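Each chain, letter by letter, is given below.
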Amino acid sequence: VSVSDVNTNHKIVYKVMLKRFMTDFEVAKSESIPPDYILLTLKLINGKLPPILPGQFVEIKVPDTAGTFLRRPISIHDVDSSKQTITLLIRIVGNGTKQLSLLQQGDKLNMVYPLGNGFDLSHVGQRPLLIGGGVGVAPLLYVGRVLKEQNVEVNFLFGARSKKDLLRYDVYSSIGCVNVTTEDGSMGVQGFVTNHSFMTLQNISKFTSLLICGPTPMMKAVGKIAKEANIPCFVSLENKMACGIGVCLCCVTDTNEGHKCVCSDGPVFDINNLKWE
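Parameters and conventions
- Residues numbered from 1 in each chain as written.
- Predicted model: local features only at pLDDT ≥ 70, side-chain atom pairs only at ≥ 80, totals over all residues.
- Heavy atoms only, no water.
- Helix = DSSP H or I, 4+ residues; strand = E, 2+ residues; numbered from the N terminus.
- Rg over C-alpha atoms; globule rule 2.2 N^0.38 Å.
- Buried < 20%, exposed > 50% of the residue type's maximum accessible area, 1.4 Å probe, protein only.
- Areas by Shrake-Rupley, 256 points an atom, 1.4 Å probe, with all protein chains shown as cover.
- Contact = heavy atoms within 4.5 Å.
- Pairing = 2+ DSSP bridges.
- Salt bridge = Lys/Arg side-chain N within 4 Å of Asp/Glu carboxyl O.
- Polar contact = N/O pair within 3.5 Å; in protein donor to acceptor, adjacent residues only side chain to side chain.

1. Thoughts on the overall build of the protein chain
Next up, step 1: What the protein chain contains, in helices and strands, is eight helices and 16 strands.
Next up, step 2: Its C-alpha radius of gyration of 18 Å places the protein chain within 12% of the 19 Å reference for a compact globule of 277 residues.
Next up, step 3: Along the three orthogonal principal directions, the C-alpha set of the protein chain runs to about 50 × 40 × 35 Å.
Next up, step 4: Burial status across the protein chain gives 51% buried among its 277 residues.
Next up, step 5: Within the structure as shown, the protein chain displays about 13,100 Å² of accessible surface, and the carbon and sulfur contribution to it stands at 50%.

Set out below in structure tokens:
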């Protein structure tokens, strides 16, 4: 199933995606991205990649570390079905991700994938705004790529501490228009994403939907503006996860339909269904 199939037959694919795989991958490339990120391209060893929806994630078994018992949930940064590869943009924050940063070309990794419910692109319209903060920009590359293939106008709005903290700016720029805010003013508008002119009620109404991933305070702030402007807004939550399949219940979030597991019911939610203040 191609990327276009994934989206033109969206409802069918959502049913197909209930099937998960536990498969070995080979490291095709590992690239360090300062200050503390790695770009990991993984090639499926046998078979073909299943349909993967933008916004889904994987659970990686961290190799060669006695102290890391649980798999690590990582959002899917990009997919190339012609090369049978999945790319992950990973921030190094602990022993598990540090171990992943040491992987070399040819090393093997075991992954459970594709997990979670991604962005339902049938609801985003022809001019969505994709908003990311920090490593929250990671899943938005694949989202933007699929939207572009559907001839949708893609606009990004990214927030970072400084210019040096902006991740893969040139790659995102090849897909759509990238707008930037930095806390120190070293690039784009100084401040947070909510300080950008897009966030005024008049300008935000020019977009058909908002798709967001990043720190919770940022998503809540943007979500509040989206509600005031009555614009569809979908957020990818970053709750701590363990199992990735809705069994351990450590990633539960409160919704209007009761408690939901972010890993299996999300990670993408309509803000109108979340009990956010």
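2. A short note on the environment of Leu 115
Next up, step 1: For Leu 115, the location among the structural elements is in strand β7 (residues 108-115).
Next up, step 2: Along the sequence, Leu 115 and Glu 59 sit 56 residues apart, while their C-alpha atoms lie 7.9 Å from each other.
Next up, step 3: If we ignore the near neighbours within four places in the chain, the residues touching Leu 115 are Arg 20, Gln 56, Phe 57, Val 58, Glu 59, Gly 244 and Ile 245.

3. Topic: the pairing of strand β14 (residues 252-255)
Consecutive residues of a regular strand have side chains that alternate between opposite faces of the sheet.
Next up, step 1: A one-sided burial pattern is seen for β14, the buried positions being Thr 253 and Thr 255 and the unburied ones Val 252 and Asp 254.
Next up, step 2: Summarising the sheet, β14 and strand β15 (residues 258-261) pair through four bridges and their orientation is antiparallel. Considered in β15, the bridge of Thr 253 is made with Lys 260.

4. Points about the pattern of salt bridges
Next up, step 1: As enumerated under the stated definition, the model contains five salt bridges in all.
Next up, step 2: Glu 26 is the partner of Lys 108 in a salt bridge, and the nearest nitrogen-oxygen pair spans 3.4 Å. Taken as a pair, Lys 108 in strand β7 and Glu 26 in strand β1 (residues 21-33) lie far apart in primary sequence, 82 residues in all.
Next up, step 3: Residue Glu 26 is classed as partly exposed on the basis of its relative accessible area of 30%.
Next up, step 4: Here Glu 153 and Arg 127 are joined by a salt bridge, their closest N and O atoms 2.9 Å apart. Taken together, the residues Glu 153 in the loop between α4 (140-149) and β9 (155-160) and Arg 127 in the loop between β7 and β8 (128-133) connect sequence positions 26 residues apart.
Next up, step 5: For Glu 153, a relative accessible area of 39% translates into the label partly exposed.
Next up, step 6: Residue classification places Arg 127 among the partly exposed residues on the basis of a relative accessible area of 24%.

5. Focus: unusual backbone geometry
One can expect most non-glycine residues to show negative phi and most peptide bonds to be in trans.
Next up, step 1: Between Pro 34 and the following residue, Pro 35, the backbone shows a cis peptide bond with an omega angle of 5 degrees.
Next up, step 2: Relative to the helices and strands, Pro 35 is located in the loop between β1 and β2 (37-44).
Next up, step 3: Residue Pro 267 is bonded to the preceding Gly 266 through a cis peptide linkage, with omega at 10 degrees.
Next up, step 4: Topologically, Pro 267 is positioned in the loop between α8 (262-265) and β16 (268-270).
Next up, step 5: The phi dihedral of Gln 84 is positive, around 60 degrees, even though this residue is not glycine.
Next up, step 6: The topology assignment puts Gln 84 in the loop between β5 (78-80) and β6 (85-91).
Next up, step 7: Gln 84 sits in the buried class, given a relative accessible area of 14%.
Next up, step 8: Unusually for a residue other than glycine, Asn 151 sits at a positive phi of about 65 degrees.

6. Some remarks on the side chain of Asn 155
Next up, step 1: Note that Asn 155 resides in strand β9.
Next up, step 2: At 3.1 Å, the side chain of Asn 155 and the side chain of Glu 153 are in polar contact.
Next up, step 3: With residues up to four places along the chain from it excluded, the contact list for Asn 155 reads Arg 127, Pro 128, Leu 129, Leu 130, Cys 177 and Phe 207.

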